Amino acid sequence: MASIPYSAPVAPAAPATPRQERTGQRDGWRLLAFGSLAVPVAGAGLPLVLFVPQLYATHYGLSLGIIGLVFFVGRFWDVASDPIVGALSDRTRSRFGRRRPWIAVGGLLFGLGSALLFFPPGTVSPLYLGLVLFLFYSGWTMIEIPFSAWAGELSGEYHERTRVVTYQSTMRAIGLVLTLILPTLLEQFRPADVALKLHVAGGFILVTLVPTLLLTLFAFPEPPRPAQRLPRARFWATATLIFRDRLLLRVLASDTVVTAGQSIRAGLIVFFAVNYMGLPAWASGLYLLQFVFGVAAGPIWLAIGRRYGKRQTAIVGELAQAAINVGLIAVFPGMLWLLIALAAAQGLTQGSGNLMLRAMVADVADAHELDTGHNRTGLFFSVFSLTQKVGPAIGIGLALPLVAWLGFQPKGHSAPQALEALKYVFALGPALAHVIAASIIWRFPLDEAAHADIRRALDTRAASSP
């Protein structure tokens, strides 16, 4: 890969005046409208995992082995389709823009897949579940990848990109909270009615999908498409080009470790609450509490990011999460107050690293464009989305076998030493992951000044092109 242009600045950056800092800022209400599509999309993830397998096994008689196989194949297609959609959306040239057509068609497929998945007919088969998941995951990918790329392209300004991503992330958190609250309320009245929970979750997705899809599609005009077409390239040639980008690899590695640590916490929190703390009534409540505080976390970390920059803020956020997780070592049965306080603190720091890393992707794509002459923002975000799928697989794949090897038994009696081991894995596993994630980006060179040099060079190139 050629030398990164920010290693030799084009010109010293002039101090920005308050007026210049405001230039290019997007209206907050329009940003809320643009990010609103994240509510149904993010909200679909939990019921898909929590209720679909249970209902299709207990009510429709599909074996768990078949359900697991169908979900595995569906998830494999979900992973494989991400870079395909990212690359194709980068190449799309239409009167409606590059991203908008993909989101519109993806919304239709996502809505159809959700209706068939959450409101199945009287009889279903493995083939039915497989085809519905194909529609569902295809629509999901066709929304999520162009949606993220479009957000990265709404502004070329360093801090404004963080602001756009913060609005998106806040709407995602709201979607997750709402889909956690609804089943929790239903459990108070009809705890055994899984079908009702599934239908309520599906109804929430479908009711919110149509208005939020329209709001997102028409909130902003798409930025001008690049004048130069992307060259045709084979998959492996493009993959080699992408994975030679050292800046992207560092962002990907950091986010993979972050999500792995978060998945360790998510995968063990119920076991910790029920088996170690003896608080089965709080198993879902702690998770919900964390997400409720997570909704308020976005604006806090946006303000910190504006003051200190993305790299420094990501590092501070990761180290803060590591400290909070280490604090769990001091929690013992009967100390519910301390557990609640740590869950609330975890929510306030939740996603701080993910937020900044996602905002970095568009900056890295700018550096790549200046270096290669080609805009591959959609492809970069599609590769970044893989960390949200690889990280949890790594975290769960390590944590569950480890606590089992240390003697923990989810059912029946576990020795006190095994329960202590569960607590230490629950506390120190995520803490270690957050420390590693912070160390990966400790000397990340693409800061605000370097990015300003890149944007000036890109603007100069665009102005001089025919």
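Because the structure is predicted, anything quoted here is derived from the model rather than measured. (Residues numbered from 1 in each chain as written. Predicted model: local features only at pLDDT ≥ 70, side-chain atom pairs only at ≥ 80, totals over all residues. Heavy atoms only, no water.)

## What to know about the overall build of the protein chain
Step number 1: Across its full length, the protein chain carries 19 helices and zero strands.
Step number 2: When each of the 466 residues of the protein chain is scored for burial, the buried share is 52%.
Step number 3: Here the contacts in the protein chain between residues at least 6 apart in sequence split such that 85% fall between residues at least 24 apart. (Helix = DSSP H or I, 4+ residues; strand = E, 2+ residues; numbered from the N terminus. Buried < 20%, exposed > 50% of the residue type's maximum accessible area, 1.4 Å probe, protein only. Contact = heavy atoms within 4.5 Å.)

## Thoughts on the packing of aromatic side chains
Step number 1: According to the stated counting rule, one finds 14 aromatic pairs in the structure shown.
Step number 2: Plain terms: the ring middles of Phe 136 and Trp 140 are 5.3 Å apart, the flat faces sit at 90° to each other, and that makes the pair edge-to-face. You can see Phe 136 and its partner Trp 140 sitting in helix H8 (residues 126–153), four residues apart, about one turn around the helix. For the pair Phe 136 and Trp 140, a shared accessibility class is recorded, and that class is buried.
Step number 3: Above the ring of Tyr 158, the side-chain terminus of Lys 310 is found at 4.2 Å from the ring centroid.
Step number 4: When the ring centre of Phe 332 is taken as origin, the NZ or CZ atom of Lys 423, which lies over that ring, is 3.8 Å away. (Phe/Tyr/Trp six-rings, centres within 6.5 Å; stacked < 30°, edge-to-face > 60°. Lys NZ or Arg CZ within 6 Å of the ring centre and 35° of its normal.)

## Re helix H17 (residues 377–405)
Step number 1: Between its terminal C-alpha atoms H17 stretches 43 Å, which fits the 42 Å expected from 29 residues at 1.5 Å a residue.
Step number 2: Of the residues trailing H17, Gly 407 is marked for its positive phi of about 105°. (Expected span 1.5 Å × (residues − 1).)

## Concerning a nonpolar patch on the surface
Step number 1: Together, Trp 77, Ile 84, Leu 88 and Phe 134 make up an exposed nonpolar region whose accessible area comes to about 360 Å².
Step number 2: Residue contributions to the nonpolar patch peak at three residues, all from helix H6 (residues 64–91).
Step number 3: Relative to the assigned elements, Trp 77 resides in helix H6.
Step number 4: Given a relative accessible area of 31%, Trp 77 falls into the partly exposed group. (Patch = residues over 30% accessible without salt bridge, like charges linked within 9 Å, V, L, I, M, F, W, Y side chains within 5 Å. Areas by Shrake-Rupley, 256 points an atom, 1.4 Å probe, with all protein chains shown as cover. Salt bridge = Lys/Arg side-chain N within 4 Å of Asp/Glu carboxyl O.)

## Things to note about the confidence of the model for the protein chain
Step number 1: Predicted confidence across the protein chain gives a mean pLDDT of 82, with 88% of residues reaching 70 or more.
Step number 2: Scored below 50 in pLDDT, residues 1–23 shows 25 contacts in the model against residues more than four places distant or in partner chains. (pLDDT = per-residue confidence, 0-100.)

## Comments concerning the nonpolar core
Soluble globular proteins: nonpolar side chains tend toward being buried together.
Step number 1: In terms of nonpolar packing, the biggest core is built from 45 residues, with Leu 48, Tyr 56, Phe 110, Leu 117, Leu 129 and Phe 136 touching the most fellow members.
Step number 2: For this core, the leading source of residues is H8, giving 11 residues.
Step number 3: Excluding residues that lie within four positions of it along the chain, Phe 110 makes contacts with Pro 40, Val 41, Ala 44, Phe 136, Gly 139, Trp 140, Ile 143, Ile 205 and Leu 209.
Step number 4: With 37 residues, the next largest nonpolar core counts Leu 248, Val 251, Ala 367 and Phe 380 among its residues. (Core = buried A, V, L, I, M, F, W, Y, C linked by side-chain atoms within 4.5 Å.)

## A few points about the packing of helix H14 (residues 310–327) against helix H16 (residues 352–372)
When two helices pack together, their arrangement is captured by the angle between the axes and the distance separating the axes.
Step number 1: Direction vectors running N to C along H14 and H16 enclose 155°, while the axes themselves pass 8 Å from each other. As far as their axial angle goes, H16 and H14 are roughly antiparallel. Remark: the crossing between H14 and H16 carries left-handed chirality. Taken together, the residues of H16 that come into contact with H14 (itself represented by Lys 310, Arg 311, Thr 313, Ala 314, Gly 317, Glu 318 and Gln 321) are Ser 352, Gly 353, Asn 354, Met 356, Ala 359, Met 360 and Asp 363.
Step number 2: For the contact of H14 with H16, a count of residues per class yields four nonpolar, six polar and four charged. (Axes fitted to C-alpha atoms, helices over the stretch in contact; angles between N-to-C directions. Parallel < 35°, antiparallel > 145°, perpendicular 65-115°, else oblique. Left-handed = near helix turned anticlockwise from the far one by under 90°. Nonpolar A, V, L, I, M, F, W, Y, C, P; charged D, E, K, R; others polar.)

## Digging into the pattern of salt bridges
Close approach of charged atoms lets side chains of opposite charge pair.
Step number 1: Per the counting criterion, the structure on display carries 14 salt bridges.
Step number 2: For Lys 423, the salt bridge goes to Glu 420, with nearest N and O atoms at 3.8 Å. In this pair, Lys 423 and Glu 420 are both assigned in helix H18 (residues 416–440), three residues apart and thus about one turn of the helix distant.
Step number 3: On the accessibility criterion, Glu 420 (28% relative accessible area) is partly exposed.
Step number 4: Close ionic contact of Arg 456 with Asp 453 constitutes a salt bridge, the shortest N to O distance being 2.4 Å. Taken together, the residues span about one helical turn, with Arg 456 and Asp 453 both in helix H19 (residues 448–464) at a distance of three residues.

## A short note on the side chain of Ser 138
Step number 1: Looking at the secondary structure, you find Ser 138 in helix H8.
Step number 2: Overall, the relative accessible area of 10% leaves Ser 138 in the buried class.
Step number 3: Setting aside chain neighbours within four positions, we find Ser 138 in contact with Trp 77 and Leu 109.

## Things to note about the environment of Leu 432
Step number 1: Summarising the element assignment, Leu 432 is placed in helix H18.
Step number 2: Taking the C-alpha atoms as reference points, Leu 432 and Ala 322, 110 residues apart in sequence, are found 6.9 Å from one another.

## Things to note about the packing of H16 against H19
Step number 1: The interhelical angle for the contact between H16 and H19, taken along N-to-C directions, is 45°, at an axis separation of 10 Å. Between H16 and H19, the interaxial angle falls into the category oblique. Read as a crossing pair, H16 and H19 show a hand that is left-handed. Counted together, Asp 363, Asp 366, Ala 367, Glu 369 and Leu 370 of H16 and His 451, Ile 454, Arg 455, Ala 457, Leu 458 and Arg 461 of H19 form the full contact between these two elements.
Step number 2: Within the contact of H16 with H19, the residues separate by chemical class into five nonpolar, one polar and five charged.

## Considering the environment of Phe 71
Step number 1: Turning to its location among the elements, Phe 71 is positioned in helix H6.
Step number 2: A relative accessible area of 16% means that Phe 71 is categorised as buried.
Step number 3: Counting along the chain gives 58 residues from Phe 71 to Leu 129, while the straight-line C-alpha distance between them is 8.7 Å.
Step number 4: Among all residues touching Phe 71, those that are not within four sequence positions of it are Leu 48, Val 52, Pro 53, Leu 129, Leu 133 and Tyr 137.

## What about H19?
Step number 1: Over its 17 residues, H19 runs 24 Å from end to end, which matches the ideal 24 Å to within 8%, given 1.5 Å per residue.
Step number 2: Buried within H19 are the following residues: Ala 450, His 451, Asp 453, Ile 454, Ala 457 and Leu 458. Looking down the long axis of H19, one finds its buried residues gathered within 155° of arc, a one-sided arrangement. Facing away from the buried side of H19 by more than 90 degrees, the exposed set consists of Thr 460 and Ala 463.
Step number 3: If you check the start of H19, you find a side-chain oxygen 3.4 Å away from the backbone N of Ala 449, and it comes from Asp 447. (Arc of directions from axis to C-beta. Polar contact = N/O pair within 3.5 Å; in protein donor to acceptor, adjacent residues only side chain to side chain.)

## Quick word on the environment of Lys 197
Step number 1: Inspection of the secondary structure puts Lys 197 in helix H10 (residues 194–219).
Step number 2: Each C-alpha atom, one on Lys 197 and one on Phe 51, is 7.4 Å from the other, the two residues being 146 residues apart in sequence.

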